[in-house]
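Read off the chains here:
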Amino acid sequence: MSDVSVEAERLIRVMPETLANKIAAGEVVQRPASALKEVLENAIDAGAGDVEVILKSSGSELIQVVDDGCGMGREDARACFRRHATSKITSIDDLERIRTLGFRGEALASIASVAQVELRTKRTADDVGYCVRVEGGEIITSEPCATKDGTSIAVKNLFYNVPARRNFMKTPATELRHLVETFQSIALSNPSIAFRLVHDGMDMYRLPAEQEEDFGDALEGRLHALFGAEYEDRLVRVGEQTSYLSVEGFVGEPELHKRGRGEQFLFVNGRHVRNRSLEHAVFTSFEDLIPEGSYPFFAIFLSLDPSRVDVNVHPSKAEVKFDDERGIYNFLKSIVRKGLGSAMLTPQISADTDRWSFPAEGAPFTPSRHGEGAGTTSGPFPGQGEPTGPMGPRSEQLYRTPEASRRPDGDEKVGGDDTLLWQLHERYILTQIRSGLMILDQNAAHERILYERALHHIDDGVGMSQQLLFPQTVEFAPGDFELLKELLADLRALGFDVETFGGRSVVVRGVPSDIRSGDERSILDDILSQYKLNRERLKVPSKENLAKSLARRSAIRPGTRLAAREMRSLIDQLFACEMPYACPNGRPTMIKIPIEELDKRFSR
Ligand code: ADP
Ligand code: MG
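Scanning the protein from N- to C-terminus turns up 18 helices and 24 strands. Counting every position in the protein, which comprises 604 residues, the buried fraction comes to 50%. Look at the contacts in the protein between residues 6 or more apart in sequence, and 68% of them connect residues 24 or more apart. Total accessible area on the protein stands at roughly 28,700 Å², and carbon and sulfur atoms take up 50% of it.

Negative charge collects at one region of the surface, where Glu 232, Asp 233, Glu 596 and Asp 599 lie side by side. Assessed through its relative accessible area of 54%, Glu 596 is described here as exposed.

Bringing the pairing of strand β19 (residues 428-433) into the picture now. By the bridge criterion, 4 bridges tie strand β18 (residues 421-424) to β19 in an arrangement that is antiparallel. Residue pairing for β19: Leu 421 is matched across the bridge by Thr 431. As paired elements, β19 and strand β20 (residues 436-441) share 6 bridges and run antiparallel to each other. Considered in β20, the bridge of Ile 433 is made with Gly 436.

Taken together, the 5 strands give an open sheet; going across it, the order is β9-β10-β13-β11-β12, and neighbouring strands pair in mixed fashion. Because the sheet does not close on itself, it has two edges, and the strands there are β9 (235-241) and β12 (271-273). Taking the axes of each pair of neighbouring strands and ignoring which way they run, one obtains an average angle of 20° across the sheet. Pairing analysis gives 3 bridges linking strand β11 (residues 264-268) to β12, with the strands arranged antiparallel. Bridging from a neighbouring strand, Val 268 pairs with Arg 271 of β12. Across the face of the sheet, helix α7 (residues 172-189) comes into contact with β11, β12 and β13 (298-304) while running at roughly 50° to β11. Taken strand by strand, helix α8 (residues 215-227) contacts β9, β10 (245-252), β11 and β13, and its axis lies near 30° from that of β10.

Turning our eyes to something else, we now look at the pairing of β10. Here β10 lies mainly inside the structure; 7 of its 8 residues are buried. The pairing of β9 with β10 spans 7 bridges and is antiparallel. What sits directly across from Glu 240, in β10, is Val 247. Linkage of β9 to β10, two consecutive antiparallel strands, is achieved through a turn of 3 residues.

Any pair of aromatic rings gets described here by the distance separating the centres and the angle formed by the planes. Under the counting rule described, the total for this entry stands at 9 aromatic pairs. Here Phe 227 and Phe 297 contribute two aromatic rings whose centre-to-centre distance is 5.3 Å and whose plane-to-plane angle is 75°, an arrangement assigned as edge-to-face. Remark: Phe 297 occurs in the loop between α9 (276-285) and β13 and Phe 227 occurs in helix α8; sequence separation between them is 70 residues. The pair formed by Phe 227 and Phe 297 is uniform in burial state, with each residue classed as buried. Of the aromatic side chains, those joined through ring pairs into one cluster are Phe 227, Tyr 231, Phe 265 and Phe 297. A cation sits over an aromatic face here: Arg 326 above Tyr 329, 4.8 Å from the ring centre.

Structurally, Phe 195 can be placed in strand β7 (residues 194-199). Residues Phe 195 and Val 53, spaced 142 residues apart in sequence, show a C-alpha to C-alpha distance of 7.7 Å. The residues touching Phe 195, leaving out its near neighbours within four places in the chain, are Leu 40, Ile 44, Val 51, Phe 183, Ile 186, Ala 187, Asn 190, Tyr 205, Arg 206, Leu 207 and Arg 222.

We now examine the pattern of salt bridges. Summed over the entire model, instances satisfying the criterion amount to 25 salt bridges. A salt bridge links Asp 217 to Arg 237; the nearest nitrogen and oxygen atoms lie 2.9 Å apart. Taken together, the residues span a long stretch of sequence, with Asp 217 in helix α8 and Arg 237 in strand β9 at a distance of 20 residues. We classify Arg 237 as partly exposed; its relative accessible area is 28%.

Now for helix α13 (residues 442-460). Helix length check: α13 (19 residues) gives 27 Å between terminal C-alpha atoms against 27 Å at 1.5 Å per residue, within 8%. With 15 of 19 residues buried, α13 lies mostly within the body of the structure. One side-chain oxygen at the N-terminal end of α13 lies 3.0 Å from the backbone nitrogen of Asn 443; it belongs to Asp 441. Looking at the residues trailing α13, positive phi occurs at Gly 461, about 60°.

Here we come to the confidence of the model for the protein. Low-pLDDT stretches of the model should not have their predicted coordinates read in fine detail. Per-residue confidence for the protein gives a mean pLDDT of 79, with 77% of residues at or over 70. Contacts of residues 346-416 to residues separated by more than four positions or lying in other chains number 148 contacts, the stretch itself having pLDDT below 50.

Next up on the list: unusual backbone geometry. The phi torsion at Asn 157 lies on the positive side, around 45°, for a residue other than glycine. Along the chain, Asn 157 turns up in the loop between β6 (150-156) and α6 (163-168). In this structure Asn 157 comes out as partly exposed when scored by relative accessible area, which is 28%. Although it is not a glycine, Asn 269 sits at a positive phi angle of roughly 50°. Assignment of secondary structure puts Asn 269 in the loop between β11 and β12. By relative accessible area, which is 23% here, Asn 269 ends up partly exposed.

Parameters at a glance
Residues numbered from 1 in each chain as written. Chains lettered and ligands numbered in written order. Predicted model: local features only at pLDDT ≥ 70, side-chain atom pairs only at ≥ 80, totals over all residues. Heavy atoms only, no water. Helix = DSSP H or I, 4+ residues; strand = E, 2+ residues; numbered from the N terminus. Buried < 20%, exposed > 50% of the residue type's maximum accessible area, 1.4 Å probe, protein only. Contact = heavy atoms within 4.5 Å. Areas by Shrake-Rupley, 256 points an atom, 1.4 Å probe, with all protein chains shown as cover. Patch = residues over 30% accessible without salt bridge, like charges linked within 9 Å, V, L, I, M, F, W, Y side chains within 5 Å. Salt bridge = Lys/Arg side-chain N within 4 Å of Asp/Glu carboxyl O. Lys, Arg positive; Asp, Glu negative; His and termini not counted. Charge placed at Lys NZ, Arg CZ, Asp CG, Glu CD. Pairing = 2+ DSSP bridges. Axes fitted to C-alpha atoms, helices over the stretch in contact; angles between N-to-C directions. Phe/Tyr/Trp six-rings, centres within 6.5 Å; stacked < 30°, edge-to-face > 60°. Lys NZ or Arg CZ within 6 Å of the ring centre and 35° of its normal. Expected span 1.5 Å × (residues − 1). Polar contact = N/O pair within 3.5 Å; in protein donor to acceptor, adjacent residues only side chain to side chain. pLDDT = per-residue confidence, 0-100.

Take a look at the structure:
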């Protein structure tokens, strides 16, 4: 027995530092992009104002970062490659209020253990700089050299001594994509720093330092510089400040959606992080607005007391834990929703000018609620009864623009009213808005209206029912009958007056007043089949599903001719919706064409 323990004692040895670093490197440096991130963060921490990134062969040959930051003296130029060598924290208390990006003091040691690194650095106060070469974690040379103020770190042949890791690298295209994303995230969080990215001798990005004092303004400039013209005018600013948390940033308008999650930038205290839950908060704010399988663009910065967030859960520092994740989730979600609501997509009806206008960017959007509970008022569509002055005196004014009364364009007008509404091919509604032209899809718009109304009714159980003259008895297949029984309470809330009868039949005495008259018989059947289809395909919760099914079934179809007052009422009700700009399945309900766009097309 004692032999074994003696043996065991001899087995345990402290690893040589180079080996420990190499093992740690597995955690810190998973791929070229992680090395770039560390070296870039060091440049930021060093107070650089200008940073250049030079890559060769997707980083496998060279990752070099040149900064004009504080530089290092002779001792530090060597010491920085040692594990746990850091100038950024000195005590355990510092860990509580980390402001710099780095702090673990292991990045350079790790990188240097799996690459050939050349460091050149000089402080402004020093006459001469230092050059240190490290290979596989061993310092090979260290000597004074001529170099400009700041630091250049060149990481060559990453993983040259870890064949397994090298073989695990993905295609050059994939590695480059990760490198670019890393560059983008660092550039976004530091808009006042100038950046340049060169790959295989070609300029990929040249980003000037953004001068604006306000971070949001600077960020907007940086977003334009990074992502180009496509993003201009398509970014919605979001933001809010509380004593606990401040949120600032931009989300892309729904049409900027992407196939992948690549362009989702979330920052916590300036640090780019991935956090599924908070990404989801943003994502759900876009529900319905973007097609399934795609993701919104966003660059959002959260700032909060560093002691309320733990960034030290993973060596790559990409994960964070919050002490109140649920609260932050809800806060973020409501902010993004509010931002989207105030986006340019949503015309606001301004009472003082008697015409539509788009809210100024960033202005809070207050949906007009006068169409709310429209189930109890009569609507324009079959089965909803004859409209009683479709929109009331207030809304009547809204569509009569001053221009319209000044120069009536008689020919294009609908129904003799001096309104600017046209129906195109019995499916689209065209109307003038202050910024240009708006086109609505009548079917999608009505679906949205009916959907929200149905959801509301299911929750409150206030759906209006219209009684049938002759109650109908309908017989169901066994599966459908079970489903119907499951949904009975919700169906009643919607306004169905139904009762199960003997066997598998039900008697229908009344249907929701939204439903076109004449289809009372097939309506339940149709809703059930749509419901089953949605359940398989979309896996939506049952209430939403039922509301969707009803809306889909009852919305006015393309090919339905609408009178002017019907169109007006439709638009009015649409803008009373919470999410007016997409149907419940994500198709847009409206598009706008700015007058500038038309001018451009006509080469003006
Ligand atoms: P950390 O950033 O966690 O402190 P690193 O291994 O990344 O650890 O860097 C170690 C130390 O090297 C830093 O604390 C800093 O003092 C110094 N250093 C690294 N890069 C630079 C740079 N570009 N300019 C100035 N100092 C640097
Ligand atoms: Mg660092």
